[in-house]
Amino acid sequence: NSVELEKIDILNPMIPDANFKKRIKVVNKPSIGYSGKFSPPYMIEEMFQAFKHIKEISPDSTFEIVGDKFHNKPYVEGFEERVKEGLTSAPGVIWHGGVSRTEANELMSRVMIASGWRDDSFDSTVEMSTKVLESAALGIPILMRPAPVQVAVFGENLPIWIKNEDDFIAAYTSLINNKELYKNTAKKMRAAVRRYSFSETLARLKKHFD
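My aim in this report is to walk through the structure given alongside it, one point at a time. (Residues numbered from 1 in each chain as written. Predicted model: local features only at pLDDT ≥ 70, side-chain atom pairs only at ≥ 80, totals over all residues. Heavy atoms only, no water.)

**A word on the packing of aromatic side chains**
Thinking step 1. A full pass over the atoms with the stated rule returns six aromatic pairs.
Thinking step 2. Note on Phe48 and Phe63: the rings are 5.9 Å apart at their centroids and 65° apart in plane angle, and the pair reads as edge-to-face. Remark: Phe63 occurs in strand S2 (residues 62–66) and Phe48 occurs in helix H1 (residues 44–57); sequence separation between them is 15 residues. The burial state of Phe48 is the same as that of Phe63; both residues are buried. (Phe/Tyr/Trp six-rings, centres within 6.5 Å; stacked < 30°, edge-to-face > 60°. Helix = DSSP H or I, 4+ residues; strand = E, 2+ residues; numbered from the N terminus. Buried < 20%, exposed > 50% of the residue type's maximum accessible area, 1.4 Å probe, protein only.)

See the structure below:
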């Protein structure tokens, strides 16, 4: 049996509507947040290294980290030991450990900038990270590698695209030091993911049953 294409819909990741209600503001305390697992392709070691240099430029900055799952694949010698040391003893790093999804969302809502940096092995994926969508909905700029699927969602003209440590440091520094740039970026990213909200997804799906 054939099915009309307009009768087919892809169920996207969905974000709570409450995320879109948080007021976008530039917090006084510069901070960056990461929520997720600790795996070499998720660039956690590179983030630690970049943050070390960020602290030299912005001594008040903190790095808020949520998560407690280690996944050392592809295997990197000494990875877990180095990450644990960074989590527990690196200056400015605040490790919240494993928490519920609601708590993670609440903790990430307090940071100024989030990190969704991954290596180039993800460039060919068509999967969109739910955590990236949630942070964008909260009105928090997320630093990311310009993988095609992410550029397709957010557009090219944003100061969040990073390919290396220097980009990471430069993007973070420019966003925390320019309130207008920060707010404009946050608003654009929130607008880009509004279609992933529960209410807009439901409205789209309901059309199939009218």
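**With respect to empty space enclosed by the protein**
Thinking step 1. Inspection of every chain in the model, using the stated rule, returns one cavity of 30 Å³ or more.
Thinking step 2. Its volume calculated, the largest cavity comes out at about 100 Å³.
Thinking step 3. Forming the boundary of the largest cavity are 13 residues, of which Arg118, Phe122, Thr125, Ala147 and Gln150 lie nearest the centre.
Thinking step 4. Class assignment of the residues belonging to the lining of the largest cavity gives a composition of four nonpolar, four polar and five charged. (1 Å grid on protein atoms, 1.4 Å probe; cavity = no way out; pocket = protein on both sides within 12 Å on 5 of 7 lines; lining within 4 Å. Points joined across faces, edges and corners; volume = space filled by probe spheres on them. Nonpolar A, V, L, I, M, F, W, Y, C, P; charged D, E, K, R; others polar.)

**So, the pairing of S2**
Thinking step 1. Within S2, five of the five residues are buried, leaving the element largely enclosed by the surrounding structure.
Thinking step 2. Regarding the hand of the β-α-β motif, the stretch spanning strand S1 (residues 31–35), H1 and S2 is right-handed.
Thinking step 3. Pairing of S2 with strand S3 (residues 93–97), which is carried by four bridges, proceeds in the parallel orientation. Counted as the bridge partner of Val66 is Gly97 from S3.
Thinking step 4. Handedness of the crossover joining S2 and S3 through helix H2 (residues 79–89) is recorded here as right-handed. (Right-handed = clockwise from strand over helix to strand, strands pointing away. Pairing = 2+ DSSP bridges.)

**Some words on the pattern of salt bridges**
A side chain with one charge can pair with a side chain of the opposite charge if their charged atoms come near.
Thinking step 1. All chains considered together, the criterion is met by six salt bridges.
Thinking step 2. Linking Glu45 and Arg82 is a salt bridge whose minimum nitrogen-to-oxygen distance equals 2.6 Å. Of the two residues, Glu45 is situated in helix H1 and Arg82 in helix H2; the sequence distance between them amounts to 37 residues.
Thinking step 3. For Arg82, a relative accessible area of 38% gives the class partly exposed. (Salt bridge = Lys/Arg side-chain N within 4 Å of Asp/Glu carboxyl O.)

**Let's talk about the layout of surface pockets**
Thinking step 1. Taken as a whole, the largest pocket encloses approximately 570 Å³ of empty space.
Thinking step 2. Looking at the lining of the largest pocket, the elements that each hand over two or more residues are S1, helix H3 (101–108), strand S4 (113–115) and helix H4 (130–137).
Thinking step 3. In terms of residue count, the dominant contributor to the lining of the largest pocket is H4 (five residues).
Thinking step 4. A breakdown of the residues in the lining of the largest pocket according to their chemical character gives 11 nonpolar, 12 polar and eight charged.
Thinking step 5. Here the second largest pocket defines a volume of roughly 290 Å³.
Thinking step 6. What lines the second largest pocket is a set of 14 residues, and nearest its centre among them are Phe48, Gln49, Lys52, Gly86 and Ala90.
Thinking step 7. When residues in the lining of the second largest pocket are grouped by element, the largest group, six residues, is from H1.

**Brief notes about the sheet that holds S4**
Hydrogen bonds along the backbone pair up the strands of a sheet, which may run parallel or antiparallel.
Thinking step 1. Strand order in this open sheet of five strands is S3-S2-S1-S4-S5, and the pairing throughout is parallel. In the strand order of this sheet, the two ends are held by S3 and strand S5 (142–143), each with one partner.

**A short note on unusual backbone geometry**
Thinking step 1. Across the junction of Lys73 and Pro74, the peptide omega takes the value -10°, indicating a cis bond.
Thinking step 2. With respect to the element layout, Pro74 can be found in the loop between S2 and H2.
Thinking step 3. The residue Met43 is not glycine, and still its phi comes out positive at about 60°.
Thinking step 4. When you line up the elements, Met43 lands in the loop between S1 and H1.

**Details of helix H7 (residues 179–193)**
Thinking step 1. For H7, with 15 residues, the first-to-last C-alpha span of 22 Å sits near the 21 Å given by 1.5 Å per residue.
Thinking step 2. All of the buried residues along H7 are Tyr182, Thr185, Ala186, Met189, Arg190, Ala192 and Val193. Down the axis of H7, the sector holding all buried residues measures 160°, keeping them to one side. Turned more than 90 degrees off the buried face of H7, the exposed positions are Glu180, Lys187 and Ala191.
Thinking step 3. Those residues of H7 hidden inside the fold are in contact with S4, H4, S5, helix H5 (148–154) and helix H6 (165–177).
Thinking step 4. Regarding H7, its N-cap is Asn178, as a side-chain oxygen of that residue lies 3.2 Å from the backbone nitrogen of Glu180 further along. (Expected span 1.5 Å × (residues − 1). Arc of directions from axis to C-beta. Contact = heavy atoms within 4.5 Å. Polar contact = N/O pair within 3.5 Å; in protein donor to acceptor, adjacent residues only side chain to side chain.)

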